[in-house]
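Chains, contacts and geometry: an overview
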Amino acid sequence: MNAPRKLWLWHVPLILLSAIMLLPLWWMVVAAFDPMHALIGGHLTLWPVTWNLKNFVAAWRSQPFGRYYVNSIATTIGIVTLQILTSSLAAYALAFLTFRGKRIIWGMTLLAMMIPVQAIFIPDYLILSQLNWINTYQALILPFAASAFGIFWLHQAFRNVPRALVEAMMMDGASPLTILWQLILPNTRPAVITLAVLNTVFHYGYLFWPLLVTNTAAYRVLPLGLSYFVAQQSGFMQWNLMMAAVLMTVLPMMVLFALAQRYLRAGVMHYGIRG
Amino acid sequence: MLKEHSVRERTPWINASSLVRYAHRTRLVTPWLMLAPALLGLSVFVLLPTVAIVGLSFTNWNLMTPHPHWAGVANYRSVLTSFDFWNAMQHTVIYAAAVAIVILPASFGLAWLLNYPLRGRHVYRMIFFLPYVMPLAASGIVFSGLLSPSSGLINILLGHLHITGPNWLGSVHWALIAVIAVTIWEYVGFYMLLFLSGLQQLNPALSEAAAMDGAGSWPRFWHVILPQLIPTIVFAGVMVVIQTFQAFDQIYVMTAGGPVTATTTLVYYIYEQGFQFFNVGQASTASVLFVMLVGAITVIQWRGMHRWGGDGS
């Protein structure tokens, strides 16, 4: 495609749009570091009076954020690890093995993909409460240990591995696990990493499910902790403390984004349309 | 694509009989062992609850009695004639439509522009994608701050223009618009990446051939490029609808469905019926209708893709 002339003119709207996109984030940072922010009404504050960390200390003390971090990180790692494990095993079977009932299993996977958690949370909740799992890590993790979308996504990626290579390894008597580990996963890395990152972002930020299955601080995850922190502040809103709390919550995802964005681009680009 | 049973024909250079033996051994046990963990999880937490929700929709239950009571189609009658349900449905449709109408052209335009060898395009892409990694609850709180009536940045900016900004989240007219704005801000970069992937899979030879035949840039876009992008556009459109239909987190932290019921969407309605009023029957009925709606949209997607010549898979 040949580029239109005067392409550089597009920098004007692009910079403007970028500023609009970054404004909420910048405001969050300024408020989080500015000790005076809550007191300044009616003034444009795009630079803090002083950069200090007092808000972070105050926010950290007002809620057990340490515990929330542990819960969030444990839950997210648990879900993502289990999901990649169960999905890659299932996707391998569906992509490379022959067995009776394969079409039914594939149909079930597609069906499950169409059903959002937000529509079936009542029976899910009842199952967990029957098991006495309310306020446990199991309740936070196990409902998402298997994912139809994960199976579907990895199946699409696995299909791109040349079949002759898989058959050659089968001929050598390699077990499916060996083939999966030594051939399939290394060759589909962008897809696997993309799935892992998208899942991490989603489950780290997920408020709906933890809201249903936990009601004590001991098992509260960060987004839920944030919402409690907001609810605690009645009347006079200390936005500086809240933005410090938000920034603490967001930071791990920003770091992850910085580390993974190269893979993410490759992954979404190559598999985006099929996901 | 190679079918599994044609393995033998496709691999004449290897010892066919040992492959058959291998296949035989693995056919019975291995596939099921590998599928077992995923199938267990999906059965217990997705498929069984889907059956259960249909069952529960024909009962009345407040969770206090040990068992639900059979109610026939009474719940369907009362939900489908209830003001609250249609009110929530209306908010959901407005919300989904507004997000889709803004986000699809905006993200397509951004992708189109950032597909050119423009200096700094990687930085722009990163900036637009950045909000996507924010937890929705965090984005919701940041926007609540920005939109707070007296000390929020938006109303201060409007004040400089001598406009008195409304109490955004406290206003029946503006609250849903604020929720729509957060959602667009959060997801526009994600859809931009989707469209970029579509644009990069275009076949350049087709455009060149059309240009050689003297087609101008607009006819080239309309007749050559756009048809190739139809699967991506349909996919993105359906994804926006499904994503917005499920929205909950940002609504919970920003408005909790209010003021009055101005931001009560279908999912929020189900949540309130089930977990605040303990009206399991009606919540389940609304859930069934919700699944049917999402299912219908997904089917339309696949149909649409096939009709327009996409591979739909």
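Definitions and cut-offs
- Residues numbered from 1 in each chain as written.
- Chains lettered and ligands numbered in written order.
- Predicted model: local features only at pLDDT ≥ 70, side-chain atom pairs only at ≥ 80, totals over all residues.
- Heavy atoms only, no water.
- Helix = DSSP H or I, 4+ residues; strand = E, 2+ residues; numbered from the N terminus.
- Buried < 20%, exposed > 50% of the residue type's maximum accessible area, 1.4 Å probe, protein only.
- Contact = heavy atoms within 4.5 Å.
- Areas by Shrake-Rupley, 256 points an atom, 1.4 Å probe, with all protein chains shown as cover.
- Axes fitted to C-alpha atoms, helices over the stretch in contact; angles between N-to-C directions.
- Parallel < 35°, antiparallel > 145°, perpendicular 65-115°, else oblique.
- Salt bridge = Lys/Arg side-chain N within 4 Å of Asp/Glu carboxyl O.
- Polar contact = N/O pair within 3.5 Å; in protein donor to acceptor, adjacent residues only side chain to side chain.
- Nonpolar A, V, L, I, M, F, W, Y, C, P; charged D, E, K, R; others polar.
- Phe/Tyr/Trp six-rings, centres within 6.5 Å; stacked < 30°, edge-to-face > 60°.
- UniProt positions renumbered as here; feature names shortened; annotations may be inferred.
- Core = buried A, V, L, I, M, F, W, Y, C linked by side-chain atoms within 4.5 Å.
- Domains from an automatic or database assignment.
- Patch = residues over 30% accessible without salt bridge, like charges linked within 9 Å, V, L, I, M, F, W, Y side chains within 5 Å.
- pLDDT = per-residue confidence, 0-100.
- Expected span 1.5 Å × (residues − 1).

Scanning chain B from N- to C-terminus turns up 14 helices and two strands. Out of the 313 residues in chain B, the part that is buried amounts to 55%. At a minimum sequence separation of 6, the contacts of chain B that also span at least 24 residues come to 64%.

Take the overall build of chain A next. Helix and strand counts for chain A come out as 13 helices and zero strands. Along the chain direction, N to C, the helices and strands of chain A fall in the order α-α-α-α-α-α-α-α-α-α-α-α-α. Looking at chain A residue by residue over its 275 residues, the buried ones come to 57%. Within chain A, residue pairs in contact and separated by at least 24 positions form 73% of the contacts whose partners lie at least 6 positions apart. Here chain A has roughly 12000 Å² of accessible surface; of this, 67% comes from carbon and sulfur atoms.

Here we come to the packing of helix 3 (residues 65–96) of chain A against helix 12 (residues 222–232) of chain A. Residues and elements named next belong to chain A. Across the interface, helix 3 lies against helix 12 with an axial gap of 8 Å and an inter-helix angle of 150 degrees. The angle between helix 3 and helix 12 places the two elements in the roughly antiparallel class. Contact residues: helix 3 offers Phe65, Tyr68, Tyr69 and Ser72, while helix 12 offers Leu222, Pro223 and Gly225.

This next bit is on the interface of chain B and chain A. Taken together, the 105 residues of chain B in the interface contact 102 residues of chain A. Where chain B touches chain A, the interface holds zero salt bridges. Linking chain B with chain A are six residue pairs in polar contact (both at pLDDT 80 or more), by the criterion used here. When grouped by side-chain class, the residues that make up the side of chain B that touches chain A number 74 nonpolar, 25 polar and six charged.

With that settled, the discussion passes to the packing of aromatic side chains. Aromatic ring pairs: the centre-centre distance and the angle between the two ring planes describe each pair. A full pass over the atoms with the stated rule returns 42 aromatic pairs over all chains. When the ring of Tyr132(B) is compared with that of Tyr187(B), the centres are 6.0 Å apart and the planes differ by 55 degrees; the resulting orientation is tilted. Highlighted residues: Tyr132(B) in the loop between helix 6 (121–129) and helix 7 (136–146) and Tyr187(B) in helix 9 (residues 175–200), separated in sequence by 55 residues. Classification of Tyr132(B) as buried rests on a relative accessible area of 13%. Tyr187(B) sits in the buried class, given a relative accessible area of 14%. Taken together, the ring pairs connect Phe121(A), Tyr125(A), Phe144(A), Phe202(A), Tyr206(A), Phe208(A), Trp209(A), Phe248(B), Tyr252(B), Tyr268(B), Tyr271(B) and Phe275(B) into an aromatic cluster.

Residues and elements named next belong to chain B. For the bond from Gly258 to Pro259, the omega torsion is -10 degrees, close enough to zero to count as cis. Positionally, Pro259 belongs in the loop between helix 12 (249–254) and helix 13 (266–275). Located in the positive-phi region is Val260, a residue other than glycine, with phi close to 55 degrees. Following the sequence through the fold, Val260 ends up in the loop between helix 12 and helix 13.

This part covers the UniProt feature "transmembrane region" (unreviewed entry) in chain B. Residue and element names in this part refer to chain B. In this numbering, the UniProt entry assigns the feature "transmembrane region" (unreviewed entry) to residues 32–58, 93–114, 126–147, 174–196, 221–245, 251–271 and 283–302. Helix and strand shares over residues 174–196 are 96% and 0% respectively, and the end C-alpha atoms of the span are 33 Å apart. Between the end C-alpha atoms of residues 221–245 there is a gap of 32 Å, over a span that is 100% helix and 0% strand.

Glancing now at the pattern of salt bridges. Residue and element names in this part refer to chain A. Enumeration according to the criterion identifies one salt bridge over all chains in this entry. Among the salt bridges present, the one from Glu167 reaches Arg163, with a minimum N-O distance of 3.4 Å. Pair noted here: Glu167 and Arg163 are both in helix 8 (residues 163–171), with a separation of four residues, about one helical turn. Across this residue pair, the class does not change: Glu167 and Arg163 are buried.

Side chains of nonpolar character tend, in soluble globular proteins, to be buried together. Grouped together as the largest cluster of nonpolar side chains are 190 residues, with contacts concentrated most on Tyr92(A), Phe158(A) and Ile184(A). Per-element accounting of this core gives the leading share, 17 residues, to helix 9 of chain B. Both domains that furnish three or more residues to this core are identified here as domain 1 (4–56) and domain 2 (74–307) of chain B. Aside from chain neighbours lying at most four places away, what touches Tyr92(A) is Leu97(A), Phe158(A), Val166(A), Met170(A), Pro176(A), Ile179(A), Leu180(A), Ile184(A) and Met34(B).

Turning to the UniProt feature "transmembrane region" (unreviewed entry) in chain A, a few remarks are in order. Residues and elements named next belong to chain A. Under the UniProt annotation, the feature "transmembrane region" (unreviewed entry) is placed at residues 7–29, 73–97, 104–122, 134–154 and 241–260. Across residues 134–154, the secondary structure splits into 57% helix and 0% strand, with the terminal C-alpha atoms separated by 31 Å. Secondary structure across residues 241–260 comprises 100% helix and 0% strand; the distance between its end C-alpha atoms is 29 Å.

Taken together, the side chains of Trp26(A), Leu46(A), Trp47(A) and Trp51(A) make up a nonpolar region of the molecular surface, amounting to roughly 440 Å² of accessible area. Mapped onto the elements of the fold, Leu46(A) is located in the loop between helix 1 (11–33) and helix 2 (54–62).

What follows covers the confidence of the model for chain B. Scored by pLDDT, chain B has a mean of 86; 89% of the residues are at 70 or more. Below pLDDT 50 for its whole length, residues 1–9 of chain B participates in 14 contacts with residues either more than four positions away or in separate chains.

When pLDDT is low, close inspection of the predicted coordinates is not appropriate. In this model, chain A carries an average pLDDT of 87, and 90% of its residues clear a pLDDT of 70 or more. Per-element confidence in chain A ranges from a low mean pLDDT of 82 for helix 13 (residues 239–271) of chain A to a high of 96 for helix 3 of chain A.

With that out of the way, let us pick up the side chain of Asn199(A). Here Asn199(A) is to be found in helix 10 (residues 189–205). For Asn199(A), a relative accessible area of 10% gives the class buried.

Turning our eyes to something else, we now look at helix 5 (residues 83–114) of chain B. The terminal C-alpha atoms of helix 5 of chain B, which comprises 32 residues, lie 46 Å apart, in line with the 46 Å expected from a rise of 1.5 Å per residue. Between a side-chain oxygen at the N-terminus of helix 5 of chain B and the backbone nitrogen of Asp84(B) the separation is 3.4 Å; the capping residue is Ser82(B).

It is worth spelling out the environment of Leu211(A) at this point. Within the secondary structure, Leu211(A) is located in helix 11 (residues 208–213). The exposure class assigned to Leu211(A) is buried, which follows from its relative accessible area of 14%. If near-sequence neighbours (up to four positions away) are discounted, Leu211(A) is found in contact with Leu224(A), Phe248(B), Tyr252(B) and Tyr271(B).

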